[in-house]
Amino acid sequence: MTIYDLNESHSIVDFSDMDDEEALAIKLDMMESLSVFVEGYKFMPAYRAGVFDGKKHFFEMTPKMNIKIPKGLVEVVIKKFGKHLTTDYTPIKESPSVDLETLRGIIDGLNLPFPPYDYQEKAVYIALNQPRKVLVAATGSGKSLILYMLMHAWKSLGLKGLLIVPNIGLAEQMRGDFIDYSKNYDNPDEVVDEYLHLVYGGKEKHFDKPMTISTWQSAIRMNKESFLDLEYVAIDEAHLATGDSLQHLLSISENCQYKIGLTGTLPKNHEHRFTLAATLGKSEQIINPQGLIERGLATPVQITMWYLNYNEDEKKQVRRMNYQKEMKFTEEHFKRNNFIAKLA
């Protein structure tokens, strides 16, 4: 068994050097490992009718009966099936290496109006040296500065790429933040617009400048071939990148060695976490809320949880409901809502 990259989006698990019977057993086990139940599958009509197995499958069979997988899952496959490999896996492009001294030189050259925090520098260092990663940094940690430094580091390496944000407001806000970080320069807005292009409704759709910030809604309408010119894609609010459109954008970016996500929180369900890993790789906590509180960068909070009990008649009534009806019953329950209103 061998694994090789088809491009920067997909890899092939090749079984051509194996006995058919042995290969079949491994394929079946691998396909099971690369399939996860979707959220709420038990309530789906297709599942109840027996025409849907309730799973999302992160693989395709090739004409030669090999298995095509998202490149982000190569590590998952090697971890479980690596003992069957006849040769070591080698990425299609050599893994990047940027040392800390070089990074600090790049950051110093940005002439920032204030020094970054150590965890922000750490986030950039990780992203430059691990080209597939979801960086988890708590709300208020300064993710826009992380992206600013990271995108400038890529620019200094001669790379051109795209930052995808959820909406127009965040696209303009990110540009505004970039201008704020450049205020030690004369005419910072002109300096930023020299290398940065925004793409959303009414804007020209191209990747001609070193950096582009786009909403996913506009990026999805762009020519597929234009994504082949990109060398990195970064996703802000990466926990939203589990939808089909964002997954498609990451998939067609076939020459992007760097695929990085930033988020304040990871999805809770296994399907969405697996989806993120498939395209963006494993997650790594940069700093959590407690870490910000300990540094004096966030206000201490106390959370009190309340458990609401219901009478036996209501419990029996809910047991006969499907998921949608149970949610409607809960959301419209007068005593529950009245209790919550009084708490507020």
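This text follows the structure it describes.
Scoring rules and cut-offs
- Residues numbered from 1 in each chain as written.
- Predicted model: local features only at pLDDT ≥ 70, side-chain atom pairs only at ≥ 80, totals over all residues.
- Heavy atoms only, no water.
- Salt bridge = Lys/Arg side-chain N within 4 Å of Asp/Glu carboxyl O.
- Helix = DSSP H or I, 4+ residues; strand = E, 2+ residues; numbered from the N terminus.
- Buried < 20%, exposed > 50% of the residue type's maximum accessible area, 1.4 Å probe, protein only.
- Core = buried A, V, L, I, M, F, W, Y, C linked by side-chain atoms within 4.5 Å.
- Contact = heavy atoms within 4.5 Å.
- Patch = residues over 30% accessible without salt bridge, like charges linked within 9 Å, V, L, I, M, F, W, Y side chains within 5 Å.
- Areas by Shrake-Rupley, 256 points an atom, 1.4 Å probe, with all protein chains shown as cover.
- Lys, Arg positive; Asp, Glu negative; His and termini not counted.
- Charge placed at Lys NZ, Arg CZ, Asp CG, Glu CD.

Caption draft 1: Focus on the pattern of salt bridges. All told, the structure shown has 12 salt bridges when counted by the stated rule. Measuring nitrogen to oxygen at the nearest pair gives 2.9 Å for the salt bridge that ties Arg-175 to Asp-193. Taken together, the residues span a long stretch of sequence, with Arg-175 in helix 7 (residues 168-181) and Asp-193 in helix 8 (residues 188-195) at a distance of 18 residues. Note on Arg-175: relative accessible area 21%, which makes it partly exposed. Through salt bridges with shared partners, one network takes in Asp-5, Glu-8, Lys-71 and Arg-132.

Caption draft 2: Representation of the nonpolar core in the model. Grouped together as the largest cluster of nonpolar side chains are 47 residues, with contacts concentrated most on Tyr-148, Trp-154 and Phe-178. If we skip the residues at most four places from it in the chain, Phe-178 touches Ser-144, Leu-147, Tyr-148, Met-151, Val-192, Tyr-195, Leu-196 and Met-211. Val-13, Ala-23, Phe-59 and Ile-67 belong to the second-largest nonpolar core, a separate cluster that totals 24 residues.

Caption draft 3: Structural detail: a negative patch on the surface. Negative charge collects at one region of the surface, where Asp-19, Asp-20, Glu-21 and Glu-22 lie side by side. On the secondary structure map, Glu-21 appears in helix 1 (residues 20-33).

It is worth stressing that arrangement in space is one thing and function is another; only the former is reported here.
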